[in-house]
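Structural characterization, general
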Amino acid sequence: METIKVGMVGYKFMGKAHSHAYKDLPLFFPNVIRPEMKVICGRNTEEVVKAASQFGWEEYTTEWMELVERDDIDLIDINAPSNVHKEIAIAAARAGKHVFCEKPLALTLQDSRKMLEAIEAAGVKHMVGFNYRFAPAVMLAKKLVDEGRLGEIYHFRAWFLQDWLVDPNFPLTWRLQKEIAGSGSHGDLGAHLIDLAHYMIGDITEVIGINETFIKERPIPTNMTGLSATGSADGEKEKVTVDDATLFLARFANGAIGSFEATRFATGHRSTNSFEINGSKGSVIFDFERMNELQVYFGDDRDDVQGFRRVLATDPVHAFSEAWWPAGHTIGYEHTFIHEIVELMEAFRENRQPIPNFKDGVKCQQVLEAVELSIARRGWVKPSEL
Ligand code: SOE
C-alpha cells in the first residue's frame, strides 16, 4: 500500500503525541494508509537527536527550510510554538507539501488567512490539530445533535479549566508571551472549546467577553520544556503579555446561546475540558477527564426512570471503537491524536480535504479575535465582520 512520508517540526508535548500516533496507527488501523516517520526537526541538536531516537524517527534535522524542500517528504507536521506556524506552513505549501498544523493556527486572524490562501493556491491537503473532536464520546454527542435526538438546541456551555499557573513564581514560558503564543488561555484552551462549538452546534454569530491577567509579572525562565519551566523566584521578572483567563458569551446561528470559560487559574483543576448541550428533547454532558463517557438525558424516557444515563462510548457502534479493544476497555488522550491522523490518512485515500482543516482553523481564529475585540470595546462583536 502507498505510504505518506512525514517530516515533523517540533518535538515537545505535541511532538510526542503526534509521533505516538504515527507509530501506533498501523497496529490498530491496518487498512489505513501508513504514515512513514521520516524526519523530525527542531532547533536544539541534542534534544532533537534524543527525540528522534525515543520517538522512532528515521532521521533528524535542525533546518526546517531544508526539510520542506526535500523530495522524499509528502507531509509537513507543525507542532512547534505558534509564532512559527505561519512561515513554515506557507513555505511547506509552496514546496508542494501537505500540511498538518497544531492549534491555534496562527498568532492572528490575518496570519491564519494568509496561511489558508497559500495552502489553497498550492492545492495541497491541510489539517488543523483540534484533537478533542476525535474522542468517540464527543462524536456521539455530535451525532445526537445532528440526528435531532436533543431537539432544538438552546444551550452550549463549555469550560476548560487548568491550574498550572496558580503559583505566581512559575516562570514566564513562551505560552505567556503574546509574540510567541498569540494569546494565553484564550488561544490555548478556548480555541478547543470554540472548535467543539463549531463542530457540534454551528456558526457563532456574536460574542462578548471578559478576561484577566491575575499575575502581571513572572520570573524569566532559565529553562523551558513542554509545559514545564524553571526559573528563580528571586530573579528578574518580566511582564506577562497574555490573558490568564478569558470568558465569553455567544449567540449561534441556530438560535442557541453559549458560555465559554478558559482559565489556567482554576485551582485544583488539572485539565477539566467539559461541555454541556441542552436541547428541547434532551441533553448531553461531556468531561474529558472521563473521556470515554457521555452523560445523556432524553426527555421522552418513561417518567419513572428519567435522569442522566452514563453511556460508555467504547462499543463497536461508537466512532473508531471497533479498531480498539473489546467493548468496555477504555482508551485515552493519546488515542484522540491517532483518530485525527486516521482522518488525515483517509482524506489522502479518498482524495478530499481532511476535517478539521485550515478553514476551521481560520473560523476559530475569527471568534478568538472577535472576543478580544469585544473585550477592548466592552460590547458585542460579530465574528463575520472581521
Ligand atoms: C496546555 O494548556 C495544553 O496542553 C494545551 O496546549 C492543549 O492544546 C490542551 O489540549 C491541553 O492543555
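Residues numbered from 1 in each chain as written. Predicted model: local features only at pLDDT ≥ 70, side-chain atom pairs only at ≥ 80, totals over all residues. Heavy atoms only, no water.

**Remarks on the packing of helix α8 (residues 185–200) against helix α10 (residues 358–377)**
Working note: a packed helix pair is described by the angle between its axes plus the distance between those axes. The criterion, for reference: For helices, the fitted line uses only the C-alpha atoms of the stretch in contact; every axis is such a line through C-alpha atoms, and the angle between N-to-C directions lies from 0 to 180 degrees. A run of H or I in DSSP becomes a helix once it reaches four residues, and a run of E becomes a strand once it reaches two; helices and strands are each numbered from the N terminus. Orientation is classified from the angle alone, with under 35 degrees giving roughly parallel, over 145 giving roughly antiparallel, 65 to 115 giving roughly perpendicular, and any other angle giving oblique. A crossing counts as left-handed when the near helix is turned anticlockwise from the far one by less than a right angle, and as right-handed when that turn is clockwise. Contacts are residue-level and defined by heavy atoms, with any inter-residue pair within 4.5 Å sufficient. Just so you know the grouping, Ala, Val, Leu, Ile, Met, Phe, Trp, Tyr, Cys and Pro go in nonpolar, Asp, Glu, Lys and Arg go in charged, and all remaining residues, Gly too, go in polar.
Direction vectors running N to C along α8 and α10 enclose 120°, while the axes themselves pass 9 Å from each other. In terms of orientation, α8 lies oblique with respect to α10. In the packing of α8 onto α10, the handedness of the crossing is right-handed. Facing His186, Gly187, Ala191, Ile194, Asp195 and His198 of α8, the residues of α10 in contact are Asp360, Lys363, Cys364, Val367, Leu368, Val371 and Glu372. Of the residues in the contact of α8 with α10, the class split is six nonpolar, three polar and four charged.

**Remarks on the packing of helix α6 (residues 136–146) against α8**
Close contact between α6 and α8 brings their axes to 9 Å; oriented N to C, the two are set at 40°. Counted together, Val138, Met139, Ala141, Lys142 and Val145 of α6 and Leu196, Tyr199 and Met200 of α8 form the full contact between these two elements. Along the lines of polarity and charge, the residues of the contact of α6 with α8 split into seven nonpolar, no polar and one charged.

**Remarks on the domain arrangement of the protein chain**
Selection criterion: Domain start and stop points were drawn from an automatic or database domain assignment. When a carboxyl oxygen of Asp or Glu is within 4 Å of a side-chain nitrogen of Lys or Arg, the pair counts as a salt bridge. Nitrogen and oxygen atoms within 3.5 Å of one another constitute a polar contact, given that in protein one can donate a hydrogen and the other can accept it, and given that sequence-neighbouring residues count only through two side-chain atoms.
Domain boundaries in the protein chain define domain 1 (3–130) and domain 2 (133–354 + 364–377). Taken over C-alpha atoms, the centre of domain 1 sits 23 Å from the centre of domain 2. Between domain 1 and domain 2, the residue contacts involve 39 residues of the former and 44 residues of the latter. Our enumeration of links across domain 1 and domain 2 arrives at one salt bridge. Across the pair Lys103 and Asp188 runs a salt bridge, and its minimum N-O distance is 3.1 Å. Across the contact surface, domain 1 and domain 2 share nine residue pairs in polar contact (both at pLDDT 80 or more). If you list the elements that add at least two residues to the side of domain 1 that touches domain 2, you get α1 (13–28), β5 (98–102), α5 (109–122) and β6 (126–129). Per-element tally for the side of domain 1 that touches domain 2: the top contributor is α1, with 10 residues. When its residues are assigned to classes, the side of domain 1 that touches domain 2 shows 24 nonpolar, nine polar and six charged.

**Topic: the sheet that holds strand β3 (residues 59–61)**
Applied cut-off: In short, DSSP must find at least two bridges between two strands for them to pair.
Read from one edge of the open sheet, six strands run β3-β2-β1-β4-β5-β6, paired in parallel fashion. Of all the strands in the sheet, just β3 and β6 have a single pairing partner and so form its edges. In this sheet, neighbouring strand axes are inclined to one another by 25° on average, regardless of whether the strands run parallel or antiparallel. One ladder, built from four bridges, connects strand β4 (residues 75–78) with β5; its direction is parallel. Across the sheet, the residue bridging to Leu75 is His98, located in β5. Each of β5 and β6 touches α10; the most contacted strand, β6, lies at about 45° to it.

**Some words on the nonpolar core**
In plain terms, the rule: The nonpolar core is taken to be a set of buried Ala, Val, Leu, Ile, Met, Phe, Trp, Tyr and Cys residues, with the residues joined through side-chain atoms within 4.5 Å. Buried residues are those whose accessible area, probed at 1.4 Å on protein chains only, stays under 20% of the maximum for their type, while exposed residues exceed 50% and partly exposed ones sit between those limits.
One finds Phe156, Met200, Phe260, Phe275 and Ile277 to be the most contacted residues of the largest nonpolar core, which totals 109 residues. Three or more residues apiece are contributed to this core by two domains, here domain 1 (3–130) and domain 2 (133–354 + 364–377). Phe170, Leu176, Ile215 and Val240 belong to the second-largest nonpolar core, a separate cluster that totals 10 residues.

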